[in-house]
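Residues per chain are reported as follows:
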Amino acid sequence: AALTGFSTVAAIEGAVAINTGFLNELSVQELIDCVHQNDGCTGGDFEYSFQYSVNYGLQSSSSYRFIQGPSGYCLANSSLVVSQISSFGQITMCS
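Residues numbered from 1 in each chain as written. Predicted model: local features only at pLDDT ≥ 70, side-chain atom pairs only at ≥ 80, totals over all residues. Heavy atoms only, no water.

A. Spotlight on the overall build of the protein. If you tally the helices and strands in the protein, you get three helices and two strands. The linear arrangement of helices and strands in the protein, starting from the amino end, is α-α-α-β-β. For the protein, the C-alpha radius of gyration of 13 Å lies close to 12 Å, the compact-globule estimate for 95 residues. Residues classed as buried in the protein amount to 35% of the 95 residues present. A sequence separation of at least 24 residues applies to 69% of the contacts in the protein between residues at least 6 apart. Accessible surface computed for the protein: about 6000 Å², of which carbon and sulfur atoms make up 55%. (Helix = DSSP H or I, 4+ residues; strand = E, 2+ residues; numbered from the N terminus. Rg over C-alpha atoms; globule rule 2.2 N^0.38 Å. Buried < 20%, exposed > 50% of the residue type's maximum accessible area, 1.4 Å probe, protein only. Contact = heavy atoms within 4.5 Å. Areas by Shrake-Rupley, 256 points an atom, 1.4 Å probe, with all protein chains shown as cover.)

Written out as structure tokens, the structure reads:
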């Protein structure tokens, strides 16, 4: 989930920055701790991470800090959400 967390956060940060002109550093740790289908740092699926972001939004990296591994608990606080996406999609590559 760490890889999916970093990639998901980067994609959302970029999309929001393009849309709003403001770059906010989002919490990778929140995705590691709270997207239980991704099983901490042992792997995962981007869809689960994006869907979490749609459903709950993400806190900043300063309010939900990175600790280099799963904490074992989801400590997300909805009052501290700084970014939320409304949808996501997949792009298929042409061969």
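B. Spatial organisation of the confidence of the model for the protein. When pLDDT is averaged along the protein, the result is 89, and 92% of the positions lie at 70 or above. Confidence, read as mean pLDDT per element, is least for helix H1 (residues 2–20) in the protein (90) and greatest for strand S1 (residues 58–59) (98). (pLDDT = per-residue confidence, 0-100.)

C. Structural view of the nonpolar core. Ranked by size, the top nonpolar core spans 14 residues in total, and within it Val9, Ile12, Leu26, Leu31, Tyr52, Leu58 and Ile85 carry the most contacts. Contributions of two or more residues to this core are made by H1, helix H2 (28–34) and helix H3 (46–56). Looking at this core, the element that brings in the most residues is H2, giving four residues. Once you skip the residues sitting within four places of it in the chain, valine 9 turns out to touch Leu26, Ser27, Val28, Leu31 and Leu58. (Core = buried A, V, L, I, M, F, W, Y, C linked by side-chain atoms within 4.5 Å.)

D. Structural context of the environment of valine 28. Residue placement: valine 28 occurs in helix H2. Valine 28 sits in the buried class, given a relative accessible area of 9%. Remark: the alpha-carbon pair of valine 28 and aspartate 45, spanning 17 residues in sequence, is separated by 14 Å.

E. Here's a closer look at the state of the cysteines. Summed over the entire model, instances satisfying the criterion amount to one disulfide. A sulfur-sulfur separation of 2.0 Å characterises the disulfide bridge that pairs cysteine 34 with cysteine 74. Judged by the torsion about the S-S bond (95°), the cysteine 34/cysteine 74 disulfide is right-handed. Placement of cysteine 34 in helix H2 and of cysteine 74 in the loop between S1 and strand S2 (81–83) is noted, with a sequence separation of 40 residues between them. Given a relative accessible area of 36%, cysteine 74 falls into the partly exposed group. (Disulfide = S-S within 2.5 Å.)

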